[in-house]
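Here is what each chain is made of, one letter per residue.
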Amino acid sequence: MLIRNFSLHSMTRVAVMAAALAVTAFGAENELLPDGDGKTEVAQNCATCHDLGKAVSVRQDRAGWGATLLKMVGFGMKSSDEELRTMLAYLETHFQPEELPPVNVNTARAIELESRLTLKRSEASAILKYRAAHGKFESIDDLLKVPGIDAAKIQDKRDWITF
Ligand code: HEC
């Protein structure tokens, strides 16, 4: 009797644990993968050797995802050509290279101006100084009034600049 109780108890525990694991896997899939064609294939194919989180830990273009898929096939991933095509389309759509928003030159800190617009430290601090003295910039022309600024560089990066 004691023994029967014990085994029933442990079977219940196993069932509860299995259910908990299933919930975790399901939760991860929905948290990590946006809805769309190919979600199911990615969830099924990409979580067998490592977790799904690693599979979608990178942001890259079609060529990059193609190379990753080939690499995984090399590691032994068994997917049909159809699945590979579907997964490639899904991954390139939902995990594209990250685009940073443009730099707002009226609020940016010196470090952002340097790194995002490849300005020299002296140029970045000249922008801050000019901004403090004259108020907000309203256009690229305004920005070009900053003493010592490299006009060609600013023109080159104008798509990355906002006011
Ligand atoms: C047959 C096993 C296997 C499968 C299935 C698999 N991978 Fe991998 N994956 C690996 C191994 C091995 C590594 C390298 C070691 C590591 O980082 O765990 C790796 C690493 C990665 C990395 C880290 C960066 C890199 O290139 O090393 C990414 C991203 C990745 N896999 C994506 C995916 C995607 C997307 C899928 C589903 C289409 C997938 N993996 C399916 C075995 C696999």
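Residues numbered from 1 in each chain as written. Predicted model: local features only at pLDDT ≥ 70, side-chain atom pairs only at ≥ 80, totals over all residues.

Chemist: Can you tell me about the overall build of the protein, naming the residues and giving the values?
Modeler: On a plain count of helices and strands, the protein comes out with nine helices and two strands. From first element to last, N terminus to C terminus, the protein shows the α and β order α-α-α-α-α-β-α-α-α-α-β. The buried share among the 163 residues of the protein stands at 16%. Here the analysis covers contacts within the protein between residues at least 6 apart in sequence; of these, 59% occur between residues at least 24 apart. (Helix = DSSP H or I, 4+ residues; strand = E, 2+ residues; numbered from the N terminus. Buried ≥ 20, exposed ≤ 12 C-beta atoms within 10 Å, placed from the backbone. Contact = placed C-beta atoms within 7 Å.)

Chemist: Give me helix α5 (residues 81-94): which residues, what numbers.
Modeler: Along its 14 residues, α5 runs 20 Å from first to last C-alpha, staying within 8% of the 20 Å computed at 1.5 Å per residue. Residues of α5 that are buried: Met 87, Tyr 90 and Leu 91. Buried residues of α5, seen end-on, are gathered within an arc of 95° and therefore sit on one face of the element. Exposed residues pointing more than 90 degrees away from the buried face of α5 are listed as Asp 81 and Glu 82. Considering only its buried residues, α5 is in contact with α2 (39-45) and α4 (62-74). (Expected span 1.5 Å × (residues − 1). Arc of directions from axis to C-beta.)

Chemist: Give a description of α4 that names residues and reports values.
Modeler: Taking 1.5 Å of rise per residue, 13 residues should cover 18 Å, and α4 covers 18 Å from first to last C-alpha, within 8% of that figure. Gly 76 occupies a position one or two residues after α4 and carries a positive phi of about 110°.

Chemist: Explain the packing of α4 against α5 to me, and be specific about the residues and the numbers.
Modeler: Remark: α4 packs on α5, axes separated minimally by 9 Å, with the N-to-C direction vectors making an angle of 135°. Put simply, α4 runs oblique to α5. Remark: the crossing between α4 and α5 carries right-handed chirality. Residues Arg 62, Trp 65, Gly 66 and Leu 69 of α4 pack against Leu 84, Met 87, Leu 88, Leu 91 and Glu 92 of α5. Along the lines of polarity and charge, the residues of the contact of α4 with α5 split into six nonpolar, one polar and two charged. (Axes fitted to C-alpha atoms, helices over the stretch in contact; angles between N-to-C directions. Parallel < 35°, antiparallel > 145°, perpendicular 65-115°, else oblique. Left-handed = near helix turned anticlockwise from the far one by under 90°. Nonpolar A, V, L, I, M, F, W, Y, C, P; charged D, E, K, R; others polar.)

Chemist: Residue-level account of the environment of Glu 29, with values.
Modeler: In this structure, Glu 29 sits in helix α1 (residues 2-32). It is 9.0 Å that separates the C-alpha atoms of Glu 29 and Thr 40, two residues lying 11 residues apart in sequence. The residues touching Glu 29, leaving out its near neighbours within four places in the chain, are Ala 43 and Leu 52.

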